[in-house]
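# A structural walkthrough
For reference, the chains in residue letters:
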Amino acid sequence: MAMRQEVLSCVVVIVESLPSRIVFLIFFLPKQSTWTTYINSHSSNIAMRICERQFGDHIGRYKKVLYLCHRNADPDAIGSSFALSRAFGGTIGAVDDLSRTGVSLADIIGARILINPRVKDYDLVVVVDTSVGTQLGDKLPASYALVDHHLDEGLLEDALFYIQRPAKSTAEIVWTILKENRKKADRKAALGLLAGMISDTGRFKRATPGAFLAAAELLEEGGFAYEEALEALSVPSDISQRIAVLKAASRAKVTRQGDWLVACTTVNSFEGSAAMALVDLGADVAFVAGRHGKGDTVRISARSSREAAARRGLNLAKILGEVGKAYGGDGGGHKSAAALEAVGDPSTILDACRKKVAESLT
Ligand SMILES: [Mn+2]
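Please read these numbers as outputs of a predicted model, since none were measured by experiment.

## A look at the overall build of the protein chain
Per the secondary structure count, the protein chain includes 15 helices and 12 strands. Pairs at least 24 apart in sequence give 57% of the contacts found in the protein chain among residues at least 6 apart.

## Considerations on the nonpolar core
Among the nonpolar cores identified, the biggest contains 66 residues, and Ile78, Val126, Val174, Leu193 and Leu194 are the most heavily contacted of them. The dominant element in this core, judged by the number of residues it contributes, is helix H8 (residues 187-200), at eight residues. If you look at the next biggest cluster of nonpolar residues, it comprises 40 residues, including Cys264, Val285, Val298 and Leu340.

## Looking at the packing of H8 against helix H10 (residues 226-233)
For any two helices packed against each other, the geometry comes down to the angle between their axes and how far apart the axes lie. The contact between H8 and H10 brings their axes to 9 Å, and the two run at 65 degrees. Judged on the interaxial angle alone, H10 and H8 are roughly perpendicular. Judged by the twist between their axes, the crossing of H8 over H10 is right-handed. Contacts between H8 and H10 involve Leu191, Leu194, Ala195, Ile198 and Ser199 on the former and, on the latter, Glu228, Ala229, Leu230, Ala232 and Leu233. For the contact of H8 with H10, the class distribution of residues is eight nonpolar, one polar and one charged.

## Overview of unusual backbone geometry
One non-glycine residue, Arg182, adopts positive backbone phi at about 55 degrees. By the element assignment, Arg182 lies in the loop between helix H7 (170-180) and H8. C-beta crowding within 10 Å serves as the criterion here: with 9 such atoms nearby, Arg182 is assigned to the exposed category. Here the phi dihedral of Phe204 falls at roughly 70 degrees; this positive angle occurs in a residue that is not glycine. The residue Phe204 is located in the loop between H8 and helix H9 (209-222) in this model.

Parameters at a glance
Residues numbered from 1 in each chain as written. Predicted model: local features only at pLDDT ≥ 70, side-chain atom pairs only at ≥ 80, totals over all residues. Helix = DSSP H or I, 4+ residues; strand = E, 2+ residues; numbered from the N terminus. Contact = placed C-beta atoms within 7 Å. Core = buried A, V, L, I, M, F, W, Y, C linked by C-beta atoms within 7 Å. Buried ≥ 20, exposed ≤ 12 C-beta atoms within 10 Å, placed from the backbone. Axes fitted to C-alpha atoms, helices over the stretch in contact; angles between N-to-C directions. Parallel < 35°, antiparallel > 145°, perpendicular 65-115°, else oblique. Left-handed = near helix turned anticlockwise from the far one by under 90°. Nonpolar A, V, L, I, M, F, W, Y, C, P; charged D, E, K, R; others polar.

Following this line, the structure appears as structure tokens:
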């Protein structure tokens, strides 16, 4: 070990004076995490990157630990904090509120979460699943630790220690932390982690081999059926939202353009959800208009299938921007999800949108 440290200090000195030899010298380093830790712990800032195996050692130095989730805490943040607190002890907190699915998951696994806890009451705050300080409002303490899968650097510099690596969910990283520290996940902890993984991977649409492996291990470890984790996340939407979406669908006018189906409809609330539902039902592109303000302001939400954006280059942000401007307003967003606000008659503006789609698909 002493020998390795000598080699490392050598490397650091030479790297600084002879940058061209970096690649050659790095071959002497035993493990990337070791040299990152070494360099970080000897630089002026205090941030220290640690690997999953070292988490138990570090957390064991503090008596009162708070795992702090971001505002509108989601299943990934909650499942991860819950599993960490079961394995290493500590309290769970969240800033301001939980998301709807967050509430459902916390209920099912029995996670007690303090809303806006006094961070000063703890020896260490571990920020979980959070990439930027603004997600914590004024609750970010001067010193803290971080466990996260986003790749933003904003919270790294002031962290006492951190684990941040690319993964599709924080839950996947937490599962590695548990395994490498020889901690078991009980049924509820495993369920929380899997629910976090399902939610952050979009039900495994954005999964990696690592996510599938971790999911299989969690199912075995927790001894529950996959459906249970799905159920933990299925929250019925608000009744007024469901009424609006059903009304929008029943009033929809569908036009066929070659092999493309474009749906247009009006409803005065939840336009975005209605447009998404129409695409789920089979429309390639959906426009949903609603009157707002004193009745002369029109908002249109638009959604398209992934194929429409990817294969045919349909760009709803551009279309809604142009139509919005033509009718005294503006619009924008993403290629397959956009909105506009303008002045005029909803059906006239919907027609203008439909024409632009026809032009762009021919
Ligand atoms: Mn996450």
